[in-house]
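Residue-level listing of the chains:
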Amino acid sequence: MKEVREDLLERGYSRWQFGRISALLGLGSAAMAASPLISRAAAARSVPAKAPIEEVQSKVGMVRLGSNECWTGPFPEAAQAGAAMVQYGNRYEPSNLHAQLIDTVAQVEKVPQTHILPWPGSSDPLSRTVVTFCSPTRGLVTADPTFENAWRTAAWLGVKVTKVPLRAENGYATDVRAMLAADPNAGIYYMCSPNNPTGTVTPLADIKWLVAHKPAGSIVLVDEAYIHFAGTPSAAKLVAENRDVVVLRTFSKLFAMAGLRLGLSMARPDLHAKMMRYDGTSQSGTLSIVALATGTASLTRAAAIAERRKQMIAAREETFAHLKKRGLTYLPSNANMFMVDWKQPAQTMRDAFARSKVDIGRSWPIWPTMSRVTVGSAQDIQAFCAALDQIMA
Ligand SMILES: Cc1ncc(COP(=O)(O)O)c(C=O)c1O
């Protein structure tokens, strides 16, 4: 495989852009290569440099419906499996935990073991995929609104970003035909399904259509962070068929491991090899044994997954009923979040909820009167509804 510098310059990056990529990926620095690149970026984003301590403290004692976290911890048996690893923390790998995770994913997702890579969360492989498959001549196409990490990485690199608005006529699903029309020669077509922040699912048939019609050399990147909350079919099937598809998963959502950090990418080995050439050491070598054990023990708990999904749906439906009663409109959702339209600046409502000790999510510039609200426990939702009543009184 070509040397990274040579490859980037050939793909049209300037020397200046090459410098930025080197800094982002820690090229040439063993210390940086060994640490998760985007967890650093995510940390910088969630805790602004100006007032780190205050920002963190401001969430203490609040009902947390702002960050799409799970309302409860990992499944008890999974937490026990993770806790049992702590005493072996003196070893980098006391047993074959990486292999066990990969074997389990292969069985559950029906994807070959050779196509699975574990990560400390999915933010890192998300940005890494953009660096690998986009370039000054092959841009990124994304829905709007959606999770912005991919477009932020592309914009930061100076790569063209094409945003295709979600539309009511399309059920707020990612519009794959409009995406291809908007940039027929992109390097990546990114979709998040279920989408953050709408919770809407893009049908697998649409993803297949895009894979069949996209230009040669491009990738369809499917971010399935919330798929367990929807219970809909995964694009992992296309990975098993060796298509030009990268599927990302995180254990931060239904598996409730956001602070433990575990994610996966599933892709053909040659695509993974391209993603890994920007890093001397595989990120997989740096994973916490607690996260590996907790994650592996979570994947096969089909009944517990279904039960957690059921609880979330019940809480979501209760919230929708309350919003309706209040005459408010919201977008239908298949996941643990939804968009509610306040018909006034979303930040005003976010501030009002914060005064009632409820932290709701943010808005996206394309829909400035809508907030994203994460579905929490039944108790969290009662607090949300009570705060709403107070604000509207
Ligand atoms: C759609 C989507 N993808 C990826 C991530 C990254 O999650 P993590 O880095 O915790 O795996 C998030 C986090 O909220 C997300 O919403």
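Residues numbered from 1 in each chain as written. Predicted model: local features only at pLDDT ≥ 70, side-chain atom pairs only at ≥ 80, totals over all residues. Heavy atoms only, no water.

Labelled according to an unreviewed UniProt entry, the protein chain appears under the name Pyridoxal phosphate-dependent aminotransferase, originating from Komagataeibacter melomenusus. In its Sequence similarities (unreviewed entry) section, the UniProt entry covering the protein chain states "Belongs to the class-II pyridoxal-phosphate-dependent aminotransferase family. Histidinol-phosphate aminotransferase subfamily." Regarding the protein chain, the relevant UniProt record gives this comment under Pathway (unreviewed entry): "Amino-acid biosynthesis." (UniProt positions renumbered as here; feature names shortened; annotations may be inferred.)

A. Seen up close, the pairing of strand 6 (residues 219–223). In terms of burial, strand 6 is a largely internal element, five of the five residues being buried. Side-chain alternation along strand 6 places Ile219, Leu221 and Asp223 on one buried face and Val220 and Val222 on a second face that is also buried. Pairing geometry for strand 6 and strand 7 (residues 245–250), over four bridges, is parallel. Note on strand 7: the bridge partner recorded for Val220 is Val245. (Buried < 20%, exposed > 50% of the residue type's maximum accessible area, 1.4 Å probe, protein only. Helix = DSSP H or I, 4+ residues; strand = E, 2+ residues; numbered from the N terminus. Pairing = 2+ DSSP bridges.)

B. Main features of the site of the ligand. Looking at the ligand, there are 13 residues lining it, with Ser123, Asp223, Tyr226, Thr250 and Ser252 nearest. Side-chain polar atom of Ser123 to an oxygen atom of the ligand: 2.6 Å apart, as the coordinates give it. Note that an oxygen atom of the ligand is positioned 2.8 Å from one of the side-chain N or O atoms of Arg261. Across the shell around the ligand, the residue classes break down as four nonpolar, six polar and three charged. (Near = heavy atom within 4 Å. Polar contact = N/O pair within 3.5 Å; in protein donor to acceptor, adjacent residues only side chain to side chain. Nonpolar A, V, L, I, M, F, W, Y, C, P; charged D, E, K, R; others polar.)

C. Geometry of the packing of helix 8 (residues 123–133) against helix 14 (residues 269–276). Orientation of helix 8 relative to helix 14, taken along the N-to-C sense of each, is 95°, at an axis distance of 9 Å. With respect to their mutual orientation, helix 8 and helix 14 come out roughly perpendicular. Where helix 8 approaches helix 14, its residues Pro125, Arg128, Thr129, Thr132 and Phe133 are matched on the opposing element by Leu271, Lys274, Met275 and Met276. For the contact of helix 8 with helix 14, a count of residues per class yields five nonpolar, two polar and two charged. (Axes fitted to C-alpha atoms, helices over the stretch in contact; angles between N-to-C directions. Parallel < 35°, antiparallel > 145°, perpendicular 65-115°, else oblique. Contact = heavy atoms within 4.5 Å.)

D. Examining helix 16 (residues 302–325) more closely. Taking 1.5 Å of rise per residue, 24 residues should cover 34 Å, and helix 16 covers 35 Å from first to last C-alpha, within 8% of that figure. Immediately beyond the C-terminal end of helix 16, within one or two residues, lies Gly327, with a positive phi of roughly 75°. (Expected span 1.5 Å × (residues − 1).)

E. Molecular detail of the sheet that holds strand 4 (residues 161–165). The strand order across the open sheet formed by seven strands is 2-8-7-6-5-3-4, and the pairing between neighbours is mixed. Where the open sheet ends on each side, the last strands, each with one partner, are strand 2 (116–119) and strand 4. For this sheet the average axis-to-axis angle between neighbouring strands, irrespective of direction, equals 20°. Running at roughly 35° to strand 2, helix 14 makes contact with strand 2, strand 6, strand 7 and strand 8 (263–266) of the sheet.

F. Region of the structure containing the sheet that holds strand 10 (residues 337–341). Sheet architecture is open: three strands sit in the order 9-10-12, paired in antiparallel fashion. With partners counted over all chains shown, the strands left at the sheet margins are strand 9 (329–330) and strand 12 (370–374), one partner each. Summarising the sheet, strand 10 and strand 12 pair through five bridges and their orientation is antiparallel. For Phe338, the partnering residue across the bridge sits in strand 12 and is Val373.

G. Highlighting the nonpolar core. Ranked by size, the top nonpolar core spans 72 residues in total, and within it Trp342, Phe353 and Phe384 carry the most contacts. At six residues, the largest contribution of residues to this core is made by helix 15 (residues 289–299). Each residue touching Trp342, except ones within four places of it in the same chain, is listed here: Leu328, Met349, Phe353, Ile360, Thr369, Ser371, Phe384 and Leu388. (Core = buried A, V, L, I, M, F, W, Y, C linked by side-chain atoms within 4.5 Å.)

H. Here's a closer look at the packing of aromatic side chains. On inspection of all chains with the given rule, the structure shows eight aromatic pairs. Between Phe251 and Phe255, the aromatic rings sit 5.4 Å apart at their centres with planes inclined by 40°, giving tilted as the arrangement. Side by side, Phe251 and Phe255 carry an identical accessibility label, which is buried. The interplanar angle of 15° and the centroid separation of 4.0 Å between the aromatic rings of Phe320 and Tyr330 together place this pair among those described as stacked. Remark: Tyr330 occurs in strand 9 and Phe320 occurs in helix 16; sequence separation between them is ten residues. For Phe320, a relative accessible area of 6% puts it in the buried group. Accessibility expressed as a relative area gives 21% for Tyr330, which makes it partly exposed. Linked through ring pairs, Phe75, Phe251 and Phe255 together constitute an aromatic cluster. Against the face of Trp151 rests Lys163, its NZ or CZ located 4.1 Å from the ring centre. For the cation-ring pair, Arg362 lies above Trp364, with the distance from its terminal atom to the ring centre recorded as 3.9 Å. (Phe/Tyr/Trp six-rings, centres within 6.5 Å; stacked < 30°, edge-to-face > 60°. Lys NZ or Arg CZ within 6 Å of the ring centre and 35° of its normal.)

I. Summary view of unusual backbone geometry. In this structure, the amide linkage connecting Asp144 to the following residue, Pro145, adopts the cis form with an omega of 5°. Along the polypeptide, Pro145 turns up in the loop between strand 3 (140–144) and helix 9 (149–157). Put simply, Asn196 and Pro197 share a cis peptide bond, and its omega is 25°. Of note, Pro197 is situated in the loop between strand 5 (188–192) and helix 11 (204–213). Although it is not a glycine, Lys343 sits at a positive phi angle of roughly 60°. Owing to a relative accessible area of 60%, Lys343 belongs among the exposed residues under this scheme. Although it is not a glycine, Lys357 sits at a positive phi angle of roughly 65°. Considering the arrangement of structural elements, one finds Lys357 in the loop between helix 17 (346–355) and strand 11 (358–360).

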